[in-house]
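Here is how the chains run, residue by residue.
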Amino acid sequence: MKVENKFADICIAFTIITVLSSFFKVGTVSHLHLSYRFAVTAIGIGSMYIFEYLEHWPLRYVEILHYGISMGMVFLFAWVTGIIIEPVDPNGYRDLFFNYTTIYVIASIAYEIKMRSDIAKQNRLLMEISNQD
Amino acid sequence: MKIENKIVVSCVIFTWITIIQSVLGMRSGENITYIHLFIRFVVTLIAIYSFTIYDLLDHWSETKATFAHYLVSMAAVFIFTWLTGVFIEPVHPNGYRDVFLNYTCLFTAVAMVFESKRYIALVLEKRKSSDLF
Amino acid sequence: MKLKLFVDSKLDDDYIDIKYRNMNMQISQIIEIAGSKQPSMMGRKEGYEFAINIQDVLYYETVDKKYFIYTDRETYETHIPLKEVEESLKQYGFSRINKSMIVNIFKVSKLKADSNMKILAYLANEEVVTVTRHYRTNFYQMIEQISFEKKRGRSYESGE
């Protein structure tokens, strides 16, 4: 998968999360929080190259591995920014864990639904092809 | 000027603007409202989707079409701003002025990028055809 | 069987003369292929060369640097490498589905996702092959293209 495609994917994911949170939340958000959100999205999406390297593995195993690695990287990122920029809130890691996990699960479910609907569509086309023979 | 994958381009531009503003705004410690983010996304969508005007004004010159595009999209942005003032929260006294300045600057910057790309392509083509002869 | 080829640029049309002692399977296959407009590829089995009609091929596979063609009932070995097969058979509805396999889409009866979300392609002879994630998009695009061309009345198999 090309890098520019990955960057577009990161932007799409970041936009969806930001716009949805604009719908459901009121008040303000700090610029720092937005920057963190972008970094975490970039980690999550950018690390998806693992799906290509482990193509022959079952999807579920790769998802678990990807989740573990990316969650670790997100925690590492939070720890580093805690040292360099501002200390992490006492509930910071917990919030990060829940937010990232929730979004990851939703994205996985959405991916699986899309995959199944693609298969159904292709089966309809295969049926059409064999009927036209 | 035609744009494919308008939603992807909208997400990329929205992300870029948000991140650049976040990085610059981090130092000031200021926050941004969720409404502002939502409005920014809608304005980006208006700006990108209004490129379809170029399909309708195929017979016009590039400059004329760009001007028409600016007028139509600026009007759409003002209408949207007024609607948010009615349904969400009243528009700030300087709201329309800020929207006008921000949108015009961004539009001009993007138009200049497209225009220079087009100019460079023209120059290269002229060079290529003169090389042939 | 000896094979002799003669080049004659003065000919009005190409033709094939077949001289044989007794009719056998190999000769009748050559006659069938020569008289038919269907594309074919050469395969080897038990020391004999066969011309295999593309329409009969289920899939092509490479194993340990050897290349095999699979039809409904037979397996043939061939010398044609994967890349070449991929390029030349694309126009006949063949699509690569993983690192070592190219499948005839006209012989795919259905697709299914297993519990590990692997895409399985069920072939006409009920054999099951795996479509990997990397090749999935192109495979789907090929199916869509064939369906579209068939609706337009274009025959994909003859490559016209």
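None of the values given here were measured: they were computed from a predicted structure. (Residues numbered from 1 in each chain as written. Chains lettered and ligands numbered in written order. Predicted model: local features only at pLDDT ≥ 70, side-chain atom pairs only at ≥ 80, totals over all residues.)

A. Representation of the overall build of chain B in the model. Across its full length, chain B carries five helices and one strand. When the helices and strands of chain B are read in sequence order from the N terminus, they spell out α-β-α-α-α-α. Residues classed as buried in chain B amount to 15% of the 133 residues present. (Helix = DSSP H or I, 4+ residues; strand = E, 2+ residues; numbered from the N terminus. Buried ≥ 20, exposed ≤ 12 C-beta atoms within 10 Å, placed from the backbone.)

B. Layout of the pairing of strand β7 (residues 101-104) of chain C. Residue and element names in this part refer to chain C. Side chains Met101 and Val103 of β7 all project onto a buried face; the interleaved residues Ile102 and Asn104 project onto the opposite face, where all are buried too. Looking at chain direction, strand β3 (residues 57-63) and β7 are connected through three bridges and run antiparallel. Across the sheet, Tyr59 pairs through a bridge with Val103, a residue of β7. Two strands pair when backbone bridges link them, and strand β6 (residues 94-98) and β7 are joined in this way by four bridges, in the antiparallel orientation. Considered in β7, the bridge of Asn98 is made with Met101. (Pairing = 2+ DSSP bridges.)

C. Structural detail: the interface of chain B and chain A. Every contact between the two is made by 20 residues of chain B and, on the other side, 20 residues of chain A. Listing elements by their share of the side of chain B that touches chain A, those giving two or more residues are α1 (6-26), β1 (31-33) and α2 (34-49) of chain B. If you tally residues by element for the side of chain B that touches chain A, the top one is α1(B), at 11 residues. Per-class residue counts for the side of chain B that touches chain A are 13 nonpolar, six polar and one charged. Pairing geometry for strand β1 (residues 28-30) of chain A and β1(B), over three bridges, is antiparallel. (Contact = placed C-beta atoms within 7 Å. Nonpolar A, V, L, I, M, F, W, Y, C, P; charged D, E, K, R; others polar.)

D. Structural context of the interface of chain A and chain C. At the junction of the two partners, chain A supplies 19 residues and chain C supplies 19 residues. Elements with a contribution of two residues or more to the side of chain A that touches chain C: α3 (50-53), α4 (59-84) and α5 (92-132) of chain A. A per-element tally of the side of chain A that touches chain C places α5(A) first, with 12 residues.

E. Representation of the confidence of the model for chain B in the model. Confidence in the prediction for chain B averages 84 pLDDT; 95% of positions are at 70 or higher. The complex prediction reports pTM at 0.69, with the ipTM value standing at 0.76. (pLDDT = per-residue confidence, 0-100.)

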